[in-house]
Amino acid sequence: MSVDSTTELAAIIGQARERRDDSFGRVITYSPKVFIPLTQLCRDVCHYCTFAQPPSRLKAAYMTLDEVLAVAREGQAAGCTEALLTLGEKPELRYKAAREWLKENGFSSTVEYVVAACKAIIKETNLIPHVNAGTLSRAELRQLRSVMGSFGLMLESGSPALLARDGAHFGSPDKKPWRRLTTLARAGRLKIPTTTGLLLGIGEDRKQRISDLKNIARLHVRYGHIQEVIIQNFRAKPGTRMASWPDVSVQDLLWTIAAARLILPADISIQAPPNLSPDDLLLLANSGLNDWGGVSPVTPDHVNPEAPWPEIVRLSAATEAAGKVLRARLPVYAKYLNDSDWLDYCIRPRCLEVTDSEGRVRSEQWRAGELGSDFPAVTASPALLNQDRKIQKILDRRRRGEALEHNDVVRLFETVDIDRQAVYECANELRSEQVGETVTFVVNRNINYTNVCKYSCAFCAFSKGLPKSEGRERPYDISGHELARRASEAWSLGATEVCLQGGIHPGYDGNTYRTIVEAVKTAEPDMHVHAFSPLELHHGAETLGLDIEDYLRILMKVGLDTVPGTAAEILDDQVRAKICPDKLSAGQWLDTMAAAHRVGLRSTATIMFGHVDHAEHWATHLLAVRQLQLQTGGFTEFVPLPFVAREAPLYRRGLARPGPTREESRGMHAIARIILGDVIRNIQASWTKLGPAEALHCLNIGVNDLGGCLMNESISRAAGAGHGQCWSPAAMQSAILDVGRVPLQRTTLYGSPADERKAQIQAEPLQILPLEQPIAKFKAEKKLA
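Since the model is a prediction, treat every value here as computed from it, not as a measurement.

Inspection of the secondary structure puts H169 in the loop between β4 (150–152) and α6 (177–189). A residue is classified by how much of its surface remains accessible, and H169, at 1% relative accessible area, is buried. With residues near it in sequence (within four places) discarded, H169 still touches C46, Y48, E156, L162, L163, K175 and I202.

Encoded structure:
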C-alpha cells in the first residue's frame, strides 16, 4: 500500500472511530453464544463453503431435539445467553434424505423443525434463539418471529457477477441478491430485529460494497430493523473450489469496516468476527467496529471450523488495549427491548430478565430486596483502563460547583469500570466536604393505614382492591384507635417520628387525612407527623374542592409537620405512562411539592428506578428535583429507591427488568450526591431495599443517611423484599461504627432529638412490633368547619 493510500486509510478510520465513539462510547460488545448447526444439508453450493455437506458425510440429516438441548444446556451452564441456530438453506428441495427425515419426525419443512427446536430451547433453557435460516417467505418469517429474539441473513454481496459460472455463488439460487434483499425487507415489515452483513473478497469490488451498504441503509431507514452489519473477511478453505483464492488483506477489511461505519445509520452496530483475524484484534478495535459478534465458550465456529474463537480474556485484553471495555449483550440489541412491537410475549420477558438498563447482559445476580441473591459474575472482569477524559471533565466541573447539562448526567450514568470508580470517588469527596463523616438516622415507625387503593400502579404490590383478598396480604383499613395505639407504642420505645402513608382508598376524602393526623397528635402531641405523599395530598384537596395550598394549611393546623416525597417514581411522563398512567403527572408531582414548600412544609424527594427506565430518564428526574430545590429549598433529603421486582405486577407480567443492577444502584446514589449534594445535603440509602450491608457500602460513595429504623415497614415487604421490618438503633449505630463512620441520631428535620428521647431508646430495646390489621373501614369522625 502506498504512502498516500495509507494516509487515506488512516483518515477514513479516524472518522469512523470518532463516529463510533459518539454513538457507542467506551463499550465494545459481544454475544456469549452456543452454536447449534441444526442441519448441514443445503441446496446451495457456494464455492467457499465447508459448512454444507452431502448426506453421505453426515451421520444424520438433522440434529435431534435431544442433541439440540444437550448443546443448549451446556451453553447455558457456561454463561451463554444466545442459541445460534445455523443451517443450510431449504435442504428438502435438494435431498431425499432431508425430506424423509422431516416426514419421519412429523415435520413438513425445515422451517417447521426450526420452530420446534426454538420452542424446545425456550421451554428447557433461558437462552434466546437467534436464527440463521436463509431466505424465507413472509409466512415462514411469521412462524419464526414468535420463537426467536432475532434473525440473521448475510447479504454477502449484491454483485450479479458472482452468480456466473466462475462466480462464488454459481449454482446457489438462494444467493441471488434480490432474494436476500426481499427477505431482509420482509423481516423489516414484520418488525424482526435483524442481522445482516457482507462477505469480503469473493469477487466483488469496493464499489459493490458501497452499493450494498447503501441498500442496507435504505432498508433500515424504512423499517428500523437492522441491528448490526457483519463485515466478514473471506478465508480460503482447503477442499473448496476457492481454496487458492487470496485472503482479504487487513487493510481492505479495515477500509470496509470504516466505510460501513460512515455509510450506515449511526444506530447500527458494526461487527467483525474476531476468530477470522486473531492477529489483528487491536487494529479491528480501532477501526470503527463496536461489536465482536457471537463468541462461544462451548462450541466451535461450524462455518469456519479452522478458526477457533479467541478466549474471552484475550478478547477483553485486546479491547482494553484500544481504550474500550468488553461487555456481553443479547442476540437482540437493546433498542428493541423497550418496545413490545419488536419481540414476542414469550421472548421479551426472558430478555428483560437478564439485561441492565442499557440492554446488556447483567454481570451479577444481585436483586434489590432479595436475600442471598449475590453470585459470581458470568463475564470477565476488565483490567484498569485510562480514565475517560470527558468523564473527568464532567466531575471536575461539579467539584467546582458548575451546573451540568442533561447529556452530562446521562454520560455519568453510562460510565463503566474505572470511570465508574472515578464517579464513586468524586461522590465520596463531595460527601465529605458537604456533610463530613457523620452518618445520621431517625427512630421512627411506619404506619400504612390502608392498602386499599383505587389506582393500579404497575410496579406496586402493596395496594389491594376493595373486594379482593389475593396476594400476600388481605385488604385492610385500620381504625383511629389503632392509629393512636401504634403511635403511643412507638413513642414509648423512643420514636420521634411516625411516617403515615397508604393507598388511595376510594372511600377517603380530605377529612379522612385530617382525622388521621388528629388521631396521632391526640395520642402523642410531641410526635413528629411525616405524612401523605403528593398523590394523597392531591386526592384530599380534590375531594373537598380545595386549592392544594389551602388544604395543606388545614393539615398543618391539626399537626402535619413534614411530607414524604414519595410517588415521584420517575419524573418523566413517558415512563409514568407505562408504570402509573392514572397517577399524578411529573408536573403535578413537582407542583404539589412546590406548594408544600411554599406553605412552610419541608419534604423528602425520591426516585424509584430499575424497571422500564433508563439513564436519560434518571437524568431528567435528578435535574427536575435540583431545579425545584433551587427555587424552594424545601427538600431535606433525596432517597433513591431501587425497584423491588419480585411481587410487582409489572415484573410478573414480563414487562420490566428485575430491578437495577448493583452497579446501577450504587451509581444512582453516587450521582445523586454529585448532582444534588450542594443543594440537598442529605443522600439516604434505603436499607429495606438494599439490605444493611449494601446500604453501609453506599456510605463510601456519597450517602450520609440511613433513614429510619422503620418499625413495621410493609411496602417493600409486600413487593418481595426480605431485609426485615426493623433495624434497631443500637445495631445501626454499631454497624456505622464498624465501617469507620460516626453515627448520629437525628430528627426528621435533621435536628438533635431531646435527651429524654435518646434515653428512652437506651431504656427500651427496639423490637419489631406485632401488628393488628383491622379491616373495618376507617371513618373521619370530624368534618372541616
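Still more ground to cover, so stick around.
There is a patch of like positive charges on the surface, built from R138, R142, R189 and R222. Position of R142 relative to the elements: it lies in helix α5 (residues 138–145). The class of R142 is exposed, set by a relative accessible area of 51%.

If you trace the 3 strands from one edge of the open sheet to the other, you get β18-β10-β19, paired in parallel fashion. Of all strands in the sheet, those with a lone pairing partner are β18 (705–708) and β19 (742–745), marking the two edges. Going across the sheet, the axis of each strand differs from the next one's by a mean of 20°, ignoring polarity. As paired strands, strand β10 (residues 438–442) and β18 are joined by 2 bridges and run parallel to one another.

This next bit is on the environment of R420. Turning to its location among the elements, R420 is positioned in helix α14 (residues 417–435). Exposure remark for R420: the relative accessible area of 7% places this residue in the buried category. Beyond its immediate chain neighbours, meaning those up to four positions away, R420 contacts L412, F413, T415, E663, E664 and G667.

Evaluated as defined, the whole model comprises 45 salt bridges. Between D174 and R43 there is a salt bridge, with its nearest N and O atoms 2.7 Å apart. Of the two residues, D174 sits in the loop between β4 and α6 while R43 sits in the loop between β1 (27–39) and α2 (65–77), which places them 131 residues apart along the sequence. As a salt-bridge pair, R411 and D388 come within 3.1 Å of each other at their nearest N and O atoms. Of this pair, R411 sits in helix α13 (residues 406–413) while D388 sits in the loop between α11 (348–353) and α12 (389–399), placing them 23 residues apart in sequence.

Right, let's get into the nonpolar core. Core analysis: the largest hydrophobic core is formed by 119 residues, its most contacted members being L412, L500, F532, F638 and L706. Excluding anything up to four places from it in sequence, L500 contacts I447, Y449, L483, I516, V520, V529, H530, A531 and F532.

A separate point is the confidence of the model for the protein chain. For the protein chain, the average pLDDT comes to 90, and 90% of its residues sit at 70 or higher. Predicted confidence for residues 374–384 stays below pLDDT 50, and this span has 19 contacts to residues more than four positions away or in other chains. Residue range residues 466–472 is modelled with pLDDT below 50. Its contacts to residues more than four positions away, or to other chains, number 12 contacts.

An α-helical turn contains 3.6 residues, so any two residues separated by three or four positions project in the same direction. Taking 1.5 Å of rise per residue, 13 residues should cover 18 Å, and α6 covers 18 Å from first to last C-alpha, within 8% of that figure. A positive phi of about 55° marks K191, the residue just after α6.

Once that is clear, we can look at the packing of α13 against helix α23 (residues 662–676). Between α13 and α23, the shortest axis-to-axis distance is 10 Å and the interhelical angle comes to 145°. The two elements α13 and α23 cross, and the hand of that crossing is right-handed. In this structure, α13 contributes V409, L412 and F413 to the contact, and α23 contributes G667, M668, I671, I674 and I675. Broken down by class, the residue content of the contact of α13 with α23 amounts to 7 nonpolar, 1 polar and no charged.

Moving on: the pairing of strand β5 (residues 194–200). Counting buried positions along β5 gives 7 out of 7 residues, so the element sits mostly inside the fold. Taken together, β4, α6 and β5 constitute a β-α-β crossover, and its handedness is right-handed. After leaving β5, the chain enters helix α7 (residues 206–223) and then returns to the sheet as strand β6 (residues 226–233), a path that is right-handed.

Reading the values: rules and limits
- Residues numbered from 1 in each chain as written.
- Predicted model: local features only at pLDDT ≥ 70, side-chain atom pairs only at ≥ 80, totals over all residues.
- Heavy atoms only, no water.
- Helix = DSSP H or I, 4+ residues; strand = E, 2+ residues; numbered from the N terminus.
- Buried < 20%, exposed > 50% of the residue type's maximum accessible area, 1.4 Å probe, protein only.
- Contact = heavy atoms within 4.5 Å.
- Patch = residues over 30% accessible without salt bridge, like charges linked within 9 Å, V, L, I, M, F, W, Y side chains within 5 Å.
- Areas by Shrake-Rupley, 256 points an atom, 1.4 Å probe, with all protein chains shown as cover.
- Salt bridge = Lys/Arg side-chain N within 4 Å of Asp/Glu carboxyl O.
- Lys, Arg positive; Asp, Glu negative; His and termini not counted.
- Charge placed at Lys NZ, Arg CZ, Asp CG, Glu CD.
- Pairing = 2+ DSSP bridges.
- Axes fitted to C-alpha atoms, helices over the stretch in contact; angles between N-to-C directions.
- Core = buried A, V, L, I, M, F, W, Y, C linked by side-chain atoms within 4.5 Å.
- pLDDT = per-residue confidence, 0-100.
- Expected span 1.5 Å × (residues − 1).
- Left-handed = near helix turned anticlockwise from the far one by under 90°.
- Nonpolar A, V, L, I, M, F, W, Y, C, P; charged D, E, K, R; others polar.
- Right-handed = clockwise from strand over helix to strand, strands pointing away.

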